[in-house]
Structure formats: C-alpha cells, structure tokens
Amino acid sequence: MSKAIRPIDPQNRPFFAGEVSGIDLTHRLSDEEVAFIHDGMNQYGVLVFRDQKLDDESQLAFSRQLGPLEQATGDIMPPEERRMSMDLNDISNLDRNGHVLARDDRRRLFSLGNQLWHSDSSFKDVPALYSLLSARKIPSTGGNTEFADMRAAYDALDEATKREVHNLVCLHSQIFSRGMLGFEDFTEAERAKWAPVRQRLVRRHPGSGRLSLYLASHAGGIEGWPMPEARAFLRDLTEHATQRPFVYAHVWRPFDLVMWDNRATMHRARRFDSGEVRDMRRTTLTNIVSSLEQAP
C-alpha cells in the first residue's frame, strides 16, 4: 500500500488532523517514510495511525527514528513505583501491579491535570516537540483526547490582540495547572522541581513558518503583568483557542498511535469510568531548543 494522509475532517478549515495509511510502525522505517511523517506533521499537527500493534520496545524504536527522546520526569510517580522505563510516560490509571488506582490515590488525582488543556512539558525549560501516544487498552466509553489547533487560533485573533501577545513571555509550572483543580499536595522537592519556567506566548513554527499561540493550563503568569490580569487574559485566550472549529476529538480504538506537535497544538483527555482500565504509553520527543529561541 502506498503512503497517504487523509484529512480526517476536511470540512473543518483549516483542518489539522490526518489519518496515515501505508506505514507499519512496528518495523524500521525507511528514510523516505521518516521524512514523510515529518512533512505530514508540519502540514497537519496531528497524525493518526490505526492498528499499530506496538509494544514498548517497538514504540521506543519507532520514536527514536524521529528524534531524541525526553525523559518522563513530569509525573508524580516515584521511580521505584513505575511500571516502565523513564523513556516512557505511563498514561494510565494503573499501579505497578496492574491494579486500577483508587479514586483518592494521589497519583490519580495528580493525573487529572491531563483533562485540562495543555501542551506537553511546557513546564520544562526545553519543552516537548512531538508526543506519540499508543492505546494499549481503552475504556468502553469516554476517555477521548481532544486537540486544538494553535496556528489556526493565532490566525483568527484580531490585529490588536496579535500585537498585544506578540512579545509576551509566560511562566509555566505544573504547580499552576494542578492548583486549578485544587491539588496542592506537593512536597518541597516537587515544588523546587517544578519551579516556573519562561516560555513565549507566540512563536514561529519552524516546519511551516506559521505563527502559533503557545498556551497551556501550566501557564500561570505573564512577565510584567499583575497575576489576576495575566490569568484572566490567558483564560480568555484559551477559550478563544479551544472553540469547536479549532478542535479535533479523537475517539480511540485499540492500538491507535496518535502523534501531535506540541508547538502547534494543545490537547486534553476526557473523562471516563475510573473503575475501568485506560492504559496508554507515551513517548515524547524533545524540542531541543527553548521556545524563547523561536521568536515570531
């Protein structure tokens, strides 16, 4: 089968999600296939690969062909309690023995932050490039993932707002995003680990040349602005950027692999029955450079 990308919703202009056919991610990719995926990511921002029966080893091998991986240092799980290596993010509701986490488990409560709009690792000095999420087991209903097109959202701003956001720098931390949910159960070491970092609010996407908003629930302040005003402004921008015309909702099937460009999208998980298993594995490519180096 020849390689192709089909726009998932061509009525949604400008569409930014595409379904890829003709590539088997369980085998080593050719240089041509790697270039095809990078080109597709630059055009779309979200790519869906169906029926990719990856295990952890093959997911890591595929991901490393696209670029260097970041370590999974953004969760609250102690290393000795992890189910997998630090090269994989455990996006599940399971403990190391495969049991569903209790409703009030600290790890589960922290992970509820994934249901807020965010961009992966924006709380790191060097944030994420691509995220690659493999669905190993999904709940019977719910648990979808929604994506918002940050390039289209920028394009739709009025000219006055474009001028206002152009050179703003935001402060990002997981302390901010979890605080929105009332989760404040952090140790001093965790507070130090997730001290706020600086990220541009607008940056130029190098692969497409387009300008993009860089928003996330992790953004809790704007340099030089009073905190209440900054948070109100960021809330308004997020409401603008997540209007339905800018959003693709992915309904998971077993062994879907969905990858997205964190420089051009935000995403969030949706609720599901917490008594059912939702087992996903995420590999994450580092952006290599800070957003501060991607001036508009």
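Structure: above.
First, a word on what this report is: a plain description of the structure on this page. (Residues numbered from 1 in each chain as written. Predicted model: local features only at pLDDT ≥ 70, side-chain atom pairs only at ≥ 80, totals over all residues. Heavy atoms only, no water.)

### So, the side chain of Glu33
Within the fold, Glu33 resides in helix α1 (residues 31-43). Here Glu33 occupies a buried position and makes no salt bridge, while the nearest side chain of opposite charge, Lys3, is found at 5.9 Å. Of the polar contacts made by the side chain of Glu33, one reaches the backbone nitrogen of Ser30; its length is 2.9 Å. Excluding residues within four positions of it along the chain, Glu33 makes contact with Lys3, Gly22, Ile23 and Arg28. (Helix = DSSP H or I, 4+ residues; strand = E, 2+ residues; numbered from the N terminus. Buried < 20%, exposed > 50% of the residue type's maximum accessible area, 1.4 Å probe, protein only. Lys, Arg positive; Asp, Glu negative; His and termini not counted. Salt bridge = Lys/Arg side-chain N within 4 Å of Asp/Glu carboxyl O. Polar contact = N/O pair within 3.5 Å; in protein donor to acceptor, adjacent residues only side chain to side chain. Contact = heavy atoms within 4.5 Å.)

### Some details on unusual backbone geometry
The phi angle at Asp51 is positive, at roughly 55°, despite the residue not being glycine. Within the fold, Asp51 resides in the loop between β3 (46-49) and α2 (56-66). Exposure remark for Asp51: the relative accessible area of 61% places this residue in the exposed category. You will see that Ile288, though not glycine, has its phi angle at about 75°, which is positive. Residue position: Ile288 is located in the segment after β15 (279-286).

### A look at the packing of aromatic side chains
All told, the structure shown has nine aromatic pairs when counted by the stated rule. Plain terms: the ring middles of Phe110 and Phe183 are 5.9 Å apart, the flat faces sit at 70° to each other, and that makes the pair edge-to-face. Linking Phe110 in helix α3 (residues 106-111) with Phe183 in the loop between α6 (174-180) and α7 (188-193), this pair joins segments that are 73 residues apart in sequence. Sitting over the ring of Phe36, Lys3 keeps its end group 5.6 Å from the ring centre. In this structure, Arg178 packs its charged tip against the face of Phe110, placed 4.1 Å from the ring centre. (Phe/Tyr/Trp six-rings, centres within 6.5 Å; stacked < 30°, edge-to-face > 60°. Lys NZ or Arg CZ within 6 Å of the ring centre and 35° of its normal.)

### Examining the sheet that holds strand β12 (residues 247-250)
As summarised here, the arrangement of the three strands in space is β12-β6-β14, forming an open sheet in which the pairing is antiparallel. Each end of this open sheet is capped by a strand with a single partner; those strands are β12 and β14 (265-269). Ignoring strand direction, the axes of neighbouring strands in this sheet form an average angle of 20°. In this sheet, β14 lies alongside strand β6 (residues 145-149) in antiparallel orientation, the contact comprising five bridges. (Pairing = 2+ DSSP bridges. Axes fitted to C-alpha atoms, helices over the stretch in contact; angles between N-to-C directions.)

### What to know about the sheet that holds β15
Strands sit in the order β1-β2-β3-β13-β5-β15-β4 across an open sheet of seven strands; the sheet is mixed. Strands at the two margins of the open sheet, each flanked by one partner only, are β1 (4-7) and β4 (89-92). Across this sheet, the average inter-strand angle for adjacent strands is 25°, counted without regard to direction. Across four bridges, the pairing between β1 and strand β2 (residues 17-21) is antiparallel. For Ile5, the partnering residue across the bridge sits in β2 and is Val20.

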